[in-house]
Amino acid sequence: NAGVTQTPKFQVLKTGQSMTLQCAQDMNHEYMSWYRQDPGMGLRLIHYSVGAGITDQGEVPNGYNVSRSTTEDFPLRLLSAAPSQTSVYFCASSYSKGILNTEAFFGQGTRLTVV
Amino acid sequence: AQKITQTQPGMFVQEKEAVTLDCTYDTSDPSYGLFWYKQPSSGEMIFLIYQGSYDQQNATEGRYSLNFQKARKSANLVISASQLGDSAMYFCAMREVGGGFKTIFGAGTRLFVKA
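Undergrad: How should I be thinking about the interface of chain A and chain B in this particular structure?
TA: Interfaces are often sized by the amount of accessible area the parts lose when they come together. With 22 residues of chain A at the interface, the matching set in chain B holds 23 residues. Interface area for chain A against chain B, summed over the two sides, is near 1800 Å², with a carbon-plus-sulfur share of 62%. Together, L43, L100 and F106 of chain A form the three largest contributors to the area buried by chain A at its contact with chain B, with a combined 33%. Inspection of the chain A/chain B interface yields zero salt bridges. The interface formed by chain A and chain B holds five residue pairs in polar contact (both at pLDDT 80 or more) in total. Mapped by element, the contributors of at least two residues to the side of chain A that touches chain B are β4 (31-38), β5 (42-51) and β9 (87-94) of chain A. Sort the elements by how many residues they give to the side of chain A that touches chain B and β5 of chain A lands first, with five residues. Taken together, the residues of the side of chain A that touches chain B sort by class into 12 nonpolar, seven polar and three charged.

Here it is, written out as structure tokens:
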């Protein structure tokens, strides 16, 4: 059981480049989300999805796009990378949007550096 | 709006002693859940404990307990008999029904356990 798989683990981008961070889960979870982790700021929600075809913005959505065409996959796109997007990115999934007490399962994170 | 506050950037505790990590939250939603996660230096996120807003008793999971004071909007994590392996970053998180079930996190507290 792979859980939540994020790729790549490390990435260096030049300012203005675009890329997609991949996230896949094999637990049939409805709810998926992307966070960025910066020192002293905890994890900040970028975008989330409550099911295939449904996405919404979190706390810090600017500069990022998402789509959810399948239950399993929730890619995060950086359209034009900026140094301010240097961070560690985590993808997470939960069993159901309708239940409060289901914990999130996290991927191993992607360390992104924009130069 | 949802808000989570962790006011202790860092904490020290002697091995085998108990430690309390503080978490306060703000919400107008009567239905919400509170979570604690541990992030060791390796970077993965580990779910520790959950407390629902309607739960009458404080949650416990092994050496972890959650001191839930609803009127004060606090959800402090208590770790009993600290171990060296407890040294990590600890995050408090909240999920609201009215917030589309999105989960937001506090800034975290880094715990250092001394031998």
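Undergrad: Honestly, unusual backbone geometry in this entry has me stumped. Any pointers?
TA: Trans is the common state for peptide bonds, and a negative phi is the common state for residues other than glycine. Between T7 of chain A and the following residue, P8 of chain A, the backbone shows a cis peptide bond with an omega angle of -5°. For K16 of chain B, which is not glycine, the phi dihedral falls at a positive 80°. Summarising the element assignment, K16 of chain B is placed in the loop between β2 (10-14) and β3 (19-21). Its relative accessible area of 69% is what places K16 of chain B among the exposed residues.

Undergrad: Explain the packing of aromatic side chains here, please?
TA: By convention here, two paired aromatic rings are described through the distance between centres and the angle between planes. Scanning the entire structure with this criterion turns up 15 aromatic pairs over all chains. On the basis of an interplanar angle of 25° and a centroid distance of 5.9 Å, the ring pair of Y31 of chain A and Y48 of chain A is categorised as stacked. With Y31 of chain A in strand β4 and Y48 of chain A in strand β5, this pair connects stretches of sequence that are 17 residues apart. Accessibility assignment for this pair places Y31 of chain A and Y48 of chain A in one class, buried. An aromatic cluster of three or more residues is present, and its members are Y35, F90 and F106 of chain A together with F35, Y37, F47, Y50, F91 and F105 of chain B. Its end group placed over the ring of F74 of chain A, R68 of chain A keeps NZ or CZ at 6.0 Å from the ring centre. Of note, R63 of chain B hangs over the ring of Y64 of chain B, and the distance from its end group to the ring centre comes to 5.7 Å.

Undergrad: Mind showing me how you'd approach the pattern of salt bridges here?
TA: Any two side chains of opposite charge can pair, given that their charged atoms come close. Residues and elements named next belong to chain A. Scanning all chains against the criterion turns up four salt bridges over all chains. A salt bridge links R36 to D38; its shortest N-O distance comes to 2.9 Å. You can call R36 buried: its relative accessible area is 8%. Residues D38 and R44 are paired through a salt bridge, measuring 2.9 Å at the closest nitrogen-oxygen approach. The buried category is assigned to D38, whose relative accessible area is 12%. Bridged by salt links that share partners, the residues R36, D38 and R44 form one connected network.

Undergrad: Could you clarify how one ought to interpret the nonpolar core in this entry?
TA: Generally speaking, soluble globular proteins have nonpolar side chains that are buried together. Of all hydrophobic cores here, the largest spans 26 residues; its most connected members are W36, L77, Y90 and L111 of chain B. Counting residues per element, the ones that place at least two in this core are β2, β3, β5 (32-39), β6 (46-52), β8 (64-69), β9 (74-79), β10 (88-96) and β12 (109-114) of chain B. Ranked by residues supplied to this core, first place goes to β10 of chain B with four residues. One finds Y31, L45, V50 and A92 of chain A within the second-largest nonpolar core, a separate group that totals 21 residues.

Undergrad: Please explain the environment of G53 of chain A as it appears in this structure.
TA: Its location among the elements puts G53 of chain A in the loop between β5 and β6 (54-57). It is 5.6 Å that separates the C-alpha atoms of G53 of chain A and S69 of chain A, two residues lying 16 residues apart in sequence.

Undergrad: Help me out: how do you make sense of the sheet that holds strand β7 (residues 64-66) of chain A in this one?
TA: Backbone hydrogen bonds are what pair the strands of a sheet, in a parallel or an antiparallel way. Residues and elements named next belong to chain A. Sheet architecture is open: four strands sit in the order β1-β3-β8-β7, paired in antiparallel fashion. Unpaired on one side and paired on the other, β1 (4-7) and β7 mark the two borders of the sheet. Each adjacent strand pair in this sheet contributes to an overall mean axis angle of 20°, direction not counted. For β7 and strand β8 (residues 76-78), the ladder comprises three bridges, and the chain directions are antiparallel.

Calculation notes
Residues numbered from 1 in each chain as written. Chains lettered and ligands numbered in written order. Predicted model: local features only at pLDDT ≥ 70, side-chain atom pairs only at ≥ 80, totals over all residues. Heavy atoms only, no water. Contact = heavy atoms within 4.5 Å. Buried area = accessible area lost by both parts, 1.4 Å probe. Salt bridge = Lys/Arg side-chain N within 4 Å of Asp/Glu carboxyl O. Polar contact = N/O pair within 3.5 Å; in protein donor to acceptor, adjacent residues only side chain to side chain. Helix = DSSP H or I, 4+ residues; strand = E, 2+ residues; numbered from the N terminus. Nonpolar A, V, L, I, M, F, W, Y, C, P; charged D, E, K, R; others polar. Buried < 20%, exposed > 50% of the residue type's maximum accessible area, 1.4 Å probe, protein only. Phe/Tyr/Trp six-rings, centres within 6.5 Å; stacked < 30°, edge-to-face > 60°. Lys NZ or Arg CZ within 6 Å of the ring centre and 35° of its normal. Core = buried A, V, L, I, M, F, W, Y, C linked by side-chain atoms within 4.5 Å. Pairing = 2+ DSSP bridges. Axes fitted to C-alpha atoms, helices over the stretch in contact; angles between N-to-C directions.

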